[in-house]
Amino acid sequence: MTGTEIAYLIGALAAVFLFLFLVRRASEKQTGVRDRLEQRDDDRDTEDNRRELARRAPSDADDSVDDSADAAEDNSAADAADQDDGEPAADDADEREPAAQDQAVPLSAGLAKTRGGFVARLGKLFARKKIDADVLDELEQVLFTADIGPKTAERLFQSIKGRLSKDELEDPEAIWTELRRQSTDILAVDAPAMDFTGHTPFVLLVIGVNGVGKTTTIGKIAAKLSAEGKRVLLGAGDTFRAAAVEQLQIWGERAGAPVVTGKSGGDPSSVIFDAIKRGVDEGFDVVICDTAGRLHTKIDLMDELKKVGRVCDKALPGCPHETWLVLDATTGQNAIQQAQMFKEAMDITGIVLTKLDGTAKGGVILGICDELAVPVRYIGIGEGVSDLRAFEVAEFVDALYQHADGA
Ligand SMILES: Nc1nc2c(ncn2[C@@H]2O[C@H](COP(=O)(O)OP(=O)(O)O)[C@@H](O)[C@H]2O)c(=O)[nH]1
Ligand SMILES: [Mg+2]
């Protein structure tokens, strides 16, 4: 072999090695990209799984924070949309699965937005050095635009104006004291304390327009009562949409409470009748009945509710033992009108005011109690079970006016 031939051979071998080397590198690169892509898909799957699990396992607080944040976002968007017409976001509400989060929020935090409304405006007003006639004019203005209703605004205004002597008017502390006192008076509706004993089963009927939080409230109450050891049965009286029944069933599963359902689009009264009958036959402690709140016309809805009331009494004479009207605080004064409308048709024994966490219009609670003289039983300050709080007047007034007077 000549020197030239040897050089050609070495060159050819080097070319083959170089070719093989390049092919291998290219394939490694591709595998790396594929691995990374697969890893990303895996991550995504894990994230989806995590979210799904969080939705299905409400007590798993850590996992569920993201979901509840999403739900809160949805909610505030709905609230923003609601503000135009004062009607709750009805239709998509039913589609939502119950919220997952359950970390107790302090009441004062739940009322932060409400405090940021008329209470903060009063705070600014009374922070002035001198409380004089101009301040009284502005006070009137603040109260009458505070979503507490004109009747309650007038009552608060007159109480401050009339009852305080001239000297006291110079003293913001005295004005706050008077406001707290009046608010306490208005909210402390004289009614027996709520307990679910005295009847077996104790039948609770829950009414209100669509989207205010009826089903959610029922789920939370069921969870609380079950945790106390009571046997709870739920009646899926909102037969208008399958999603509403499913929503109640999810809550029922979590609370360990069976749910009596009927045919979709069927007569809500017959489902409620069946639920109460089963509650009696099987010795349940509490039967809670959901209802539909679609406001086709006021007359249709009210007639249907009256029928539900009659059918309850047929299933178990004397029931429902309590009828709660659920109102959405974000609708402001519209909630007062709803309350008046429902009170004409039904014997309402309690109010549940939801979504206080998402609105500056929570002062409406004063207007509702003042106008209706019906006790507030529970308030909602979030979507978790622990965010439904038994209503305590003193605690509420403290949280509402907290720090407003510089205390
Ligand atoms: N932020 C907040 N959301 C609530 C509260 N109560 C209910 N909701 C939400 O309001 C929406 C409508 O509730 P739902 O129970 O379906 O209303 P229903 O149509 O009256 O049965 C759901 O997304 C609930 O999670 C509350 O106190 N705070
Ligand atoms: Mg519902």
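This report concerns the structure included in the present document. Note that the coordinates shown come from a computational prediction; the quantities given were computed from them, not determined experimentally. (Residues numbered from 1 in each chain as written. Chains lettered and ligands numbered in written order. Predicted model: local features only at pLDDT ≥ 70, side-chain atom pairs only at ≥ 80, totals over all residues.)

### Structural notes on the nonpolar core
Okay, step 1: Among the nonpolar cores identified, the biggest contains 89 residues, and A222, V232, L234, I288, L353 and I368 are the most heavily contacted of them.
Okay, step 2: Sequence-distant contacts of I368, that is, excluding residues within four places in its chain, are made with L327, A335, I336, A339, I351 and L353. (Core = buried A, V, L, I, M, F, W, Y, C linked by C-beta atoms within 7 Å. Buried ≥ 20, exposed ≤ 12 C-beta atoms within 10 Å, placed from the backbone. Contact = placed C-beta atoms within 7 Å.)

### What to know about the sheet that holds strand β8 (residues 388–390)
Okay, step 1: As summarised here, the arrangement of the eight strands in space is β3-β2-β4-β1-β5-β6-β7-β8, forming an open sheet in which the pairing is mixed. Only two strands of the sheet have a single neighbouring strand rather than two, namely β3 (259–260) and β8.
Okay, step 2: Here strand β2 (residues 232–235) pairs with β3 via two bridges, running parallel. Bridging from a neighbouring strand, G235 pairs with V260 of β3. (Pairing = 2+ DSSP bridges. Helix = DSSP H or I, 4+ residues; strand = E, 2+ residues; numbered from the N terminus.)

### What to know about the pairing of strand β5 (residues 322–328)
The side chains of a regular strand alternate, residue by residue, between the two faces of the sheet.
Okay, step 1: Among the seven residues in β5, six count as buried, and that is most of the element.
Okay, step 2: Bridge analysis of strand β1 (residues 202–207) against β5 gives four bridges, and the strand direction is parallel. Paired with L204 across the bridge in β5 is E322.
Okay, step 3: Pairing geometry for β5 and strand β6 (residues 350–354), over five bridges, is parallel. Bridge pairing in β6 links W324 to G350.

### Remarks on helix α12 (residues 268–281)
Okay, step 1: Taking 1.5 Å as the rise per residue, α12 with 14 residues should run 20 Å; its terminal C-alpha atoms sit 20 Å apart, in good agreement.
Okay, step 2: All of the buried residues along α12 are P268, S269, V271, I272, F273, A275, I276 and G279.
Okay, step 3: Considering only its buried residues, α12 is in contact with β1, β2, β3, β4 (286–289) and α13 (298–315).
Okay, step 4: In the stretch just after α12, G283 is the one whose phi turns positive, near 65°. (Expected span 1.5 Å × (residues − 1).)

### Quick notes on the packing of helix α6 (residues 133–144) against helix α7 (residues 150–163)
Okay, step 1: Across the interface, α6 lies against α7 with an axial gap of 9 Å and an inter-helix angle of 155°. Here α6 is positioned roughly antiparallel relative to α7, judged by the angle of their axes. For the crossing formed where α6 meets α7, the hand is right-handed. Taken together, the residues of α7 that come into contact with α6 (itself represented by L136, L139, E140, L143 and F144) are P150, A153, L156, F157, I160 and K161.
Okay, step 2: Residues of the contact of α6 with α7, tallied by class, amount to nine nonpolar, no polar and two charged. (Axes fitted to C-alpha atoms, helices over the stretch in contact; angles between N-to-C directions. Parallel < 35°, antiparallel > 145°, perpendicular 65-115°, else oblique. Left-handed = near helix turned anticlockwise from the far one by under 90°. Nonpolar A, V, L, I, M, F, W, Y, C, P; charged D, E, K, R; others polar.)

### Here we look at the pairing of β4
Okay, step 1: Of the two faces of β4, the one lined by V286 and I288 and the one lined by V287 and C289 are each fully buried.
Okay, step 2: With four bridges joining them, β1 and β4 adopt parallel strand pairing. Each bridged residue has a counterpart across the sheet, and for V203 the counterpart in β4 is V287.
Okay, step 3: As paired strands, β2 and β4 are joined by four bridges and run parallel to one another. Opposite L233, over in β4, you have V287 as the bridge partner.

### Some remarks on helix α10 (residues 214–227)
For an α-helix, 3.6 residues make a turn, and residues three or four places apart therefore share a direction.
Okay, step 1: With 14 residues, α10 ought to run about 20 Å at 1.5 Å a step, and its terminal C-alpha atoms sit 20 Å apart, in line with that.
Okay, step 2: Summarising burial for α10: 11 of the 14 residues are buried, a large majority.
Okay, step 3: Every buried residue of α10 is listed here: K214, T215, T216, T217, I218, G219, K220, I221, A222, A223 and L225.
Okay, step 4: Phi for G229, located one or two positions after α10, is positive at around 95°.

### Observations regarding the packing of helix α14 (residues 333–345) against helix α15 (residues 364–372)
Okay, step 1: Packing of α14 against α15 leaves a shortest axis separation of 9 Å and a crossing angle of 25°. Classified by the interaxial angle, the pair formed by α14 and α15 is roughly parallel. The handedness of the crossing between α14 and α15 is right-handed. Contacts between α14 and α15 involve Q333, A335, I336, A339, Q340 and K343 on the former and, on the latter, V364, G367, I368, E371 and L372.

### As for the environment of I276
Okay, step 1: Note on placement: I276 falls in helix α12.
Okay, step 2: For I276, a count of 27 C-beta atoms within 10 Å puts it in the buried group.
Okay, step 3: Sequence separation between I276 and A315 is 39 residues; the distance between their C-alpha atoms is 6.2 Å.
Okay, step 4: I276 has contacts with V203, V287, C312, A315, L316 and C319, leaving out every residue within four places of it along the chain.

### Notes on unusual backbone geometry
Okay, step 1: Note the cis peptide between T200 and P201, where omega equals -5°.
Okay, step 2: Of note, P201 is situated in the loop between α9 (172–187) and β1.
Okay, step 3: The omega torsion across C319 and P320 is 10°, close enough to zero to call that bond cis.
Okay, step 4: As for its placement among the helices and strands, P320 is situated in the loop between α13 and β5.
Okay, step 5: At K355, a position not held by glycine, the phi torsion is positive, near 60°.

### Overview of the environment of V259
Okay, step 1: Considering the arrangement of structural elements, one finds V259 in strand β3.
Okay, step 2: Measuring from C-alpha to C-alpha, the distance between V259 and Q249 comes to 6.2 Å, with 10 residues separating the pair along the chain.
Okay, step 3: Discounting chain neighbours no more than four positions away, the residues touching V259 are L234, A236, L248, Q249 and G252.

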